[in-house]
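Residue-level structure breakdown
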Amino acid sequence: MKGLPQAVLVRRGTYHDSVTLMRVSRALSELPGVHAAMVAMATELNVSILREMGFGVPETDPGDLVIAVRARDTDAAVEEADRQLTAAPRPEEFSGEQPPLTTRSAAARGPADLVLVSTPGEYAFFEALDAVEAGLNVMIFSDGVTVERERLLKERAEARDVLVMGPDCGTAVIAGAGLGFANVLTPGPVGVVAASGTGAQQVTCLLDRADTGVSHVLGVGGRDLSAEVGGLSARRALRMLDDDPGTELIVLISKPPAPEVARAIEALPLRTPVVRALLGPGAPDLTEAAEQALRALGRSVPEWPSWPAWRGGRATPERIKGLYAGGTLSVEAAAVAGTGEFTDFGDDAYTRGRAHPMIDPALRVEALGRAAETDVVLMDVVLGHGADPDPAASLAHPIARSPATVVVALIGTEGDPQDLHRQAGAFREAGAAVFLSNAQAARHARSLL
């Protein structure tokens, strides 16, 4: 296949968003006669991936667009790439009333109390600051905001009695409305404050499985409980849920907080009981935290579903390789497994110029291809709105081809649009063992060594 003709074209100063480029790349890869295709912005990461794929990429700038194909008919493949890129909607093509040019002017056009910011990180701070100064709560989906600017935003928000969720807040649920990556959850008595998007998704999906719904999920960003930020948003979010009559119990989810931040949170005069899921040595994992919440509400803890593998690996496993889309899930799995090499493909280093791995599986597919017979590959697959509409369509075949033993933590609910049971069945048929609990998946992976 490497003998097939290849073409690499660089479009100078041409920008398309990462989701559009992912869709075009996937469409090209599925064409008859195309062996490999990638359409991407020329970031350092994307150029290195293209070169690893065997493409000769010339010198480029991050603002350039690269079209790379290996196919029987490269001209036809490039022509199709250009056709799809031209057909992608561009802002200037939309007609009608002139859209507002600033967050503050948009808020002035009608009632609003929450602003969602999803722009490149260097611009996200200014949009979020505009929202805070307008007296609006804000969710910052973007990453790339410095910790100093995060602290400033949250100090301004405290002064104006509003909440800043983020930066890098991937998940929130406000009165049943999901923002960012969000599962379909039944309403109920549990409020969640989370410095982790996938951590919140794991806990709420398990609660949903136990017929226990949530009132709100308030993300605060992964650095909020650090000494630099001081837990400003976490403390405000806890007070907000404490004042909510529909919240009977709060779950606080984070990696280990700075000691002084933990003490400040402990000192909050809250009426509502709080279950703390602060990952670290001696702390409960996310599944155990969900079980604690159920017991605190006087509800029974079910047996968490799992689907055993139809086949094992081809050799005796010797090590664990974690290929994760969720950072907190990766940290939890590494702690539970106690050994192995774990990669968080949702880290900023892997998402500059690319869609998040919960949308674009390309980097994990490539890593699966490099797995050895003696590896146990442990990976998460997160369902819900905003995520890949059919992750099994992209991952099941690479799993089936991999010589490694594969274990999947499937994070989702019965109501998610991807169909939880169909996804589990596809991964199991591909040869993976599937667990609804990430901690149980990690324990299973450890038991195989």
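Structure report, in brief. Predicted model, so just to flag it, every value in this text is computed and none were measured.

**Some details on the sheet that holds strand 6 (residues 164–165)**
Spatially, three strands are ordered 4-5-6 in an open sheet, and the strand pairing comes out parallel. Strands with a single pairing partner mark the edges of an open sheet, and in this sheet they are strand 4 (114–117) and strand 6. Where strand 4 meets strand 5 (residues 137–140), four bridges bridge the pair, whose relative direction is parallel. Each residue of the ladder has a partner; that of Leu116, found in strand 5, is Met139. Packing against the sheet, helix 5 (residues 121–133) makes contact with strand 4, strand 5 and strand 6, and its axis sits at approximately 165 degrees to strand 5.

**Focus on the sheet that holds strand 1 (residues 6–11)**
Taken in spatial order, the three strands of this open sheet run 1-3-2, and their pairing is antiparallel. The sheet terminates laterally at strand 1 and strand 2 (34–41), the two strands that pair on one side only. Neighbour-to-neighbour, the strand axes of this sheet turn through a mean angle of 5 degrees, independent of strand direction. Relative to strand 3 (residues 65–71), strand 1 runs antiparallel, the two sharing six bridges. From the neighbouring strand, Ala7 faces strand 3, where its bridge partner is Val69. Helix 2 (residues 44–52) rests against strand 2 and strand 3 of the sheet, and its axis sits at about 165 degrees to strand 2. Sheet contacts for helix 3 (residues 74–87): strand 1, strand 2 and strand 3; angle to strand 3, the most-contacted strand, approximately 140 degrees.

**Points about the layout of surface pockets**
Its volume calculated, the second largest pocket comes out at about 1,200 Å³. Mapped by element, the contributors of at least two residues to the lining of the second largest pocket are helix 1 (18–29), strand 2, helix 2, helix 13 (362–369) and helix 14 (391–401). Element by element, the count of residues in the lining of the second largest pocket is highest for strand 2, at eight residues. Of the residues in the lining of the second largest pocket, the class split is 21 nonpolar, 10 polar and nine charged.

Thresholds applied
Throughout this description, residue numbers start from 1 for each chain and increase along the sequence as written. It should be noted that, the model being predicted, local features are given only for residues of pLDDT at least 70 and side-chain atom pairs only at 80 or more, the latter also being counted only at that level, while totals for whole chains, interfaces and linings use all residues. Based on all heavy atoms of the structure, the side-chain values leave hydrogens and waters out of the count. DSSP-based pairing: two strands are paired if at least 2 bridges between them are found. A helix here means a DSSP run of H or I that spans at least four residues, while a strand means a run of E at least two residues long, and both kinds are numbered starting from the N terminus. By definition in these notes, contact holds between two residues if any of their heavy atoms fall within 4.5 Å. Fitting a line to C-alpha atoms yields each axis, with helices limited to the stretch in contact; the angle taken between N-to-C directions then spans 0 to 180 degrees. Buried and open spaces are told apart on a 1 Å grid over the protein atoms alone, a cavity being a set of points where a 1.4 Å probe fits but cannot get out and a pocket being an open set with protein on both sides within 12 Å along at least five of seven lines. Residues with an atom within 4 Å of a point are the lining residues. Grid points are joined across faces, edges and corners, and a volume is the space filled by probe spheres set on the points. By the convention adopted, Pro, Cys, Tyr, Trp, Phe, Met, Ile, Leu, Val and Ala count as nonpolar, Lys, Arg, Asp and Glu as charged, and the other residues, Gly among them, as polar.

Just geometry here; none of it tells us what the structure is for.
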